[in-house]
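# Observations on chain architecture
The chain contents come next:
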There are 2 protein chains.
Amino acid sequence: MIIELVNTGTELLLGQIVNTNAPFLAARLNELGFSVLYQTTVGDNRDRMKNVLQTALERANIVITSGGLGPTQGDITKEVTASLLNKPMYLHEDSATQIQRFFDERRLCMTNNNLRQAMMPEGAQIIKNTCGTAPGVIVEEENSGKIIINLPGPPHELAEMFEKSIVPYLAERFGLQGAIVSRVLRTYGLGESALEERIKQYISNQSNPTLALLARSGEIHVRITARAASKAESMQLINELEGKIHPLLDEYVFGIDEETMEKSVGNLLLSRKLTIALAESCTGGLVTSRITDVPGSSQYLVGSIVCYSNAVKTLQVGVPAEIIAAKGAVSQETAECMAQGIKEKFQTGIGVGITGIAGPDGATADKPVGLVYIAIDGLAGKVCYEHYFNGTRADIKHRTALAALNHVRHYLLTI
Amino acid sequence: MIIELVNTGTELLLGQIVNTNAPFLAARLNELGFSVLYQTTVGDNRDRMKNVLQTALERANIVITSGGLGPTQGDITKEVTASLLNKPMYLHEDSATQIQRFFDERRLCMTNNNLRQAMMPEGAQIIKNTCGTAPGVIVEEENSGKIIINLPGPPHELAEMFEKSIVPYLAERFGLQGAIVSRVLRTYGLGESALEERIKQYISNQSNPTLALLARSGEIHVRITARAASKAESMQLINELEGKIHPLLDEYVFGIDEETMEKSVGNLLLSRKLTIALAESCTGGLVTSRITDVPGSSQYLVGSIVCYSNAVKTLQVGVPAEIIAAKGAVSQETAECMAQGIKEKFQTGIGVGITGIAGPDGATADKPVGLVYIAIDGLAGKVCYEHYFNGTRADIKHRTALAALNHVRHYLLTI
């Protein structure tokens, strides 16, 4: 069954709001086994909306609209739906009563235009709105069996109506069978094309499970999606394919599904019973902040020092002033002293030192913006990595944080 | 001129990511005087993408696509565009060189499939990508004069390319007349309805300039947009309206246009010639990281200590162990000692102490998740604020960071 989502509302085409209804519906419908192949946005204009619905009805079996069910003159989705399917509109008494009650309960005065919301296309199924005034509508075209579903625009009303009424309707109407399950392998460190190169035999011959690569702010996610008669069978299919591609991606895979890089580092620290402390310069506390995004991180994060000035590097983290004078604040030697200094000062198992030039100023003849040193000190000795990152100041901070967490992850894997 | 936005990418139709490119482009294009009447999303499938582009080209003068310019086999937008307009593809040498250089500069090895990104439709204008590898493309259909513009999918690459290259192209090609200018007053601390109440007379009677309220992760932005024959005239209209509403919003306005809260704090520190240091517990370094998002922040940020453990609070920041024992690590007294301790240790003009319960664990009978104390010590004495924030761990960190920066801003305004 092919579905097209049609989101109505001029505010969407003015860029005033971000469309979160489409991804919500798309994700849920895919899980239920439907194929969402198109999504279209159109404003509150009768002709254009009718044309868009007409096109949608030609290329999909089910069209789900959101928006335009309210009481104002601009709310025309039901009317346009009815007109397209040649159904007259009538006043649905139950809905009118419901709407009146909604206002009474809130001690509000109902204005007459609210009754527009109780006008319905003939023969439609009316869907109660349990957290707003606008009911939803399901209309079937007799000959083709094609269906238009009108849902309200406010995201919480739409979500509630979808879960409570539309999912049961679809399940009953189409006897949903089978289960779709996805698993995401989160990777870091391989470019998109290098990664694709490694698993290309599985990408070009995919059918079920399917494989998709998604670049997500420095990470690349490999999504495996399987469809089978039961959840267990889908899982089995996923396990088989993952068993083949995971070894090809090897240590680049840092997490599964919702396991972030900082979560992965946290789990390794917990399993190794190690604590960590960081001395951050160019990242300004970002790496520590990410580590503390994980609930329970106080079990392994002792603390950090953001040593933005050289004085703090020297006085608080114990980097010898001579090292900074001779090698520079952005150097392998300084990063290593920072890692060692913070480890000793905070008495942790692992110490991390990060120094670099986040830009846009601060570059010198031999040290460009984006040059970063990341050092780790601990049981397995001292290591230091040199990077050249590009992008804005924010990009460089973000890339440095991700690289630093990944270096810590690799370091912990060797312990 | 009618524009249709076509966003490509199966991940959009799976609901895996929210489409932020469409609202960005829609908002900017509307400001420039174009009418965005349709937005369509389609997956990485040749036939469906071609049909969608065909439909778009029939109902719009300009079609702007995003996504599908990368190096993988799923990246087909340029090919489909070329095929629709009957243009053969060729290897664009300059782009190939640029891409090779991109890899060289980052000391990375380029794989062959990256050259797919240098394959271009014949006769197309090639648009440089200044923050990624995939160039953009502008192709005109000779007979109809209709235009397809292919932009990359990553939002920062798309935004950069749009501002740097597409806006000038559109301005030259269509001789944009009149000037649309916007100004954003960024506010913090007033709810949306309270804010609307204060300026409602200007909201209900708007025409030119227009006024829009936009809630953006804890801030509310008031956007004033004016259209006139020249930029100077538009600015004049904006200045007049801002002169009326700014006093009504008063100290809630922390910045204009791109002036973030951390930028505003940085400017105040510079103007007062004061330095700052922070002792962060529940925010884990997030506030310091935000402060260092501002270029040149090393002029006033000396450094910070993330004191996640009580030992670090006591040994490194100088919070007396008795205070923590008697009042708790999350208390006004501890926050104040943190602010004073870090100020003295790092010898700054301003010291900030932040302690709270980010959750989901850590609540006690009298201290719920979301309880946060923010203390400031400096020339104007010691102050401390108690907050009860709600939401997830990430929400609480974010809200605390924003509140802390705003408290520092107010503190600096009194000096």
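Residues numbered from 1 in each chain as written. Chains lettered and ligands numbered in written order. Predicted model: local features only at pLDDT ≥ 70, side-chain atom pairs only at ≥ 80, totals over all residues. Heavy atoms only, no water.

### Remarks on the side chain of R183 of chain B
Residue and element names in this part refer to chain B. Just so we agree on the cut-off: What counts as a helix is a DSSP run of H or I of at least four residues, what counts as a strand is a run of E of at least two, and both are numbered from the N terminus. Only protein chains enter the area calculation, which uses a 1.4 Å probe; residues under 20% of their type maximum are buried, those over 50% are exposed, and those in between are partly exposed. Residues adjacent in sequence count toward polar contacts only when both atoms are side-chain atoms; beyond that, a polar contact is any pair of N or O atoms within 3.5 Å, and within protein one must be able to donate a hydrogen and the other to accept it. Residue contacts are defined here by distance: any two heavy atoms, one from each residue, within 4.5 Å place the two residues in contact.
Of note, R183 is situated in strand β9 (residues 179–187). Given the relative accessible area of 12%, R183 is considered buried. There is a polar contact of 2.8 Å between the side chain of R183 and the side chain of N239. A polar contact of 2.5 Å, which involves the side chain of R183, links it to the side chain of E242. When neighbours within four sequence positions are excluded, R183 is seen to be in contact with V222, R223, I224, M235, I238, N239, E242, I256 and D257.

### Digging into the domain arrangement of chain A
Short version of the rule: Throughout the structure description, domain borders are defined by an automatic or database domain assignment.
On domain assignment, one finds that chain A holds domain 1 (2–174), domain 2 (179–256) and domain 3 (261–413). Domain 1 of chain A and domain 2 of chain A are separated by 35 Å when their C-alpha centres are compared.

### Structural notes on the packing of helix α10 (residues 261–272) of chain B against helix α15 (residues 393–413) of chain B
All names here are of chain B. Applicable threshold: Under this scheme, a helix contributes an axis fitted over its contacting stretch, all axes are lines through C-alpha atoms, and angles between N-to-C directions fall in the 0 to 180 degree range. An angle below 35 degrees is read as roughly parallel, one above 145 as roughly antiparallel, one from 65 to 115 as roughly perpendicular, and any other as oblique. Left-handed is the label given to a crossing in which the near helix is rotated counterclockwise from the far helix by less than a right angle, and right-handed is the label when the rotation is clockwise. Under the scheme applied here, ten amino acids are nonpolar (Ala, Val, Leu, Ile, Met, Phe, Trp, Tyr, Cys and Pro), four are charged (Asp, Glu, Lys and Arg), and all others, including Gly, are polar.
Viewed as axis vectors pointing N to C, α10 and α15 meet at an angle of 30°, and their least axial separation amounts to 9 Å. Overall, the two elements α10 and α15 adopt an arrangement that is roughly parallel. Of the two possible hands of crossing, α10 and α15 adopt the one that is left-handed. Contacts from M261, E262, S264, V265, L268, L269 and R272 of α10 reach α15 at L402, L405, N406, V408, R409, L412 and L413. For the contact of α10 with α15, the class distribution of residues is 9 nonpolar, 2 polar and 3 charged.

### Quick word on the sheet that holds strand β15 (residues 350–356) of chain A
Stated formally: Two strands qualify as a pair provided DSSP detects at least 2 bridges between them.
What the 10 strands build is an open sheet, ordered β17(A)-β16(A)-β15(A)-β13(A)-β14(A)-β14(B)-β13(B)-β15(B)-β16(B)-β17(B); its pairing is mixed. Edge positions in the sheet fall to β17 (381–388) of chain A together with β17 (381–388) of chain B, since each has one partner strand and no second. If you compare each strand with its neighbour and ignore which way they point, the axes differ by 10° on average. Direction of pairing for strand β15 (residues 350–356) of chain B relative to strand β16 (residues 371–378) of chain B: antiparallel, over a ladder of 6 bridges. Along β16 of chain B, the bridge assignment pairs T355 of chain B with Y373 of chain B. In this fold helix α14 (residues 332–346) of chain A packs onto β13 (276–280), β14 (301–307), β15, β16 (371–378) and β17 of chain A together with β14 (301–307) of chain B, with an angle of close to 145° to the strand it touches most, β15 of chain A. Along the sheet, helix α15 (residues 393–413) of chain A makes contact with β13, β15, β16 and β17 of chain A, crossing β16 of chain A at roughly 25°.

### With respect to helix α5 (residues 93–105) of chain B
All names here are of chain B. Rules: Every helix has an expected span of 1.5 Å times one less than the residues it contains. Starting at the helix axis, one direction is taken to each C-beta atom, and the arc is that of these directions.
With 13 residues, α5 should reach 18 Å at 1.5 Å per residue; the first-to-last C-alpha distance of 18 Å fits that figure. Every buried residue of α5 is listed here: S95, A96, I99, F102 and F103. Taken around the axis of α5, the buried residues stretch over an arc of 120°, which confines them to a single face. Seen from the buried face of α5, the exposed residues on the opposite side, beyond 90 degrees, are E93 and D94. Check the buried side of α5 and you find it contacts β5 (119–121) and β6 (125–127). Remark: R107 follows α5 within two positions and exhibits a positive phi of approximately 55°.

### Some thoughts on the interface of chain A and chain B
Applicable threshold: Summed over both partners, the accessible area (1.4 Å probe) lost when two parts come together is defined as the buried area. When a carboxyl oxygen of Asp or Glu lies within 4 Å of a side-chain nitrogen of Lys or Arg, that pair is called a salt bridge.
Opposite the 64 residues of chain A that make contact, chain B presents 65 residues. Here chain A meets chain B over a buried area of about 5200 Å², counting both sides, of which 54% is carbon and sulfur. When the buried surface of chain A facing chain B is broken down by residue, L13, Y308 and Y388 of chain A rank first, second and third, together holding 11% of it. Remark: the boundary between chain A and chain B carries 2 salt bridges. Where K397 of chain B meets D293 of chain A, a salt bridge forms, and the shortest distance between an N and an O atom there is 2.6 Å. Put simply, chain A and chain B have 31 residue pairs in polar contact (both at pLDDT 80 or more) between them. When grouped by side-chain class, the residues that make up the side of chain A that touches chain B number 28 nonpolar, 23 polar and 13 charged. By the bridge criterion, 5 bridges tie strand β2 (residues 35–42) of chain A to strand β2 (residues 35–42) of chain B in an arrangement that is antiparallel. Of the residues in β2 of chain B, the one forming a bridge with Q39 of chain A is T41 of chain B.

### Things to note about the packing of aromatic side chains
Inclusion rule: Two aromatic rings, drawn from Phe, Tyr or Trp (for Trp, its six-membered ring), form a pair once their centres lie within 6.5 Å of each other, and the interplanar angle then sorts them: stacked below 30 degrees, edge-to-face above 60, tilted otherwise. Should the NZ of a Lys or the CZ of an Arg lie within 6 Å of a ring centre and within 35 degrees of the ring normal, that charge is described as sitting over the ring.
Summed over all chains, the structure comprises 6 aromatic pairs over all chains. Taking the centre distance of 5.9 Å and the plane angle of 80° together, the rings of F24 of chain B and F162 of chain B count as edge-to-face. Separated by 138 residues along the polypeptide, F24 of chain B in helix α2 (residues 21–31) and F162 of chain B in helix α6 (residues 155–174) bring together distant segments of the chain. Of the residues examined, F162 of chain B reaches a relative accessible area of 0% and is grouped as buried. When the centroid spacing of 6.0 Å and the interplanar angle of 70° are considered together, the rings of F102 of chain B and F103 of chain B count as edge-to-face. Sitting above the plane of the Y38 of chain A ring, R59 of chain A keeps its charged end 4.1 Å from the centroid.

### Things to note about the sheet that holds strand β11 (residues 219–228) of chain A
Residue and element names in this part refer to chain A. Taken in spatial order, the 4 strands line up as β10-β11-β9-β12 in an open sheet, and their pairing is antiparallel. Of all strands in the sheet, those bounded by a partner on one side alone are β10 (210–216) and β12 (253–256). In this sheet, adjacent strand axes meet at a mean angle of 25° when their direction is disregarded. One ladder, built from 7 bridges, connects β10 with β11; its direction is antiparallel. Opposite L211, over in β11, you have I224 as the bridge partner.

### A look at the environment of Q201 of chain B
Among the secondary structure elements, Q201 of chain B is positioned in helix α8 (residues 200–204). Residues Q201 of chain B and I245 of chain B, spaced 44 residues apart in sequence, show a C-alpha to C-alpha distance of 9.8 Å.

### Points about the environment of Q98 of chain B
With respect to the helices, strands and loops of the structure, Q98 of chain B is situated in helix α5. Expressed as a C-alpha distance, the spacing of Q98 of chain B and T133 of chain B, which sit 35 residues apart in the sequence, is 7.9 Å.

### Points about α15 of chain A
The terminal C-alpha atoms of α15 of chain A, which comprises 21 residues, lie 30 Å apart, in line with the 30 Å expected from a rise of 1.5 Å per residue. Among the 21 residues that make up α15 of chain A, 16 are buried, leaving the element largely enclosed by the rest of the structure.

### Side note on the pattern of salt bridges
Residue and element names in this part refer to chain A. The full count for this structure, using the stated rule, is 24 salt bridges over all chains. Between K87 and E142 there is a salt bridge, and its shortest N-O distance comes to 2.8 Å. Of this pair, K87 sits in the loop between α4 (77–84) and β4 (89–91) while E142 is found in the loop between β7 (136–140) and β8 (147–151), placing the two residues 55 residues apart along the sequence. For E142, a relative accessible area of 63% corresponds to the exposed category.

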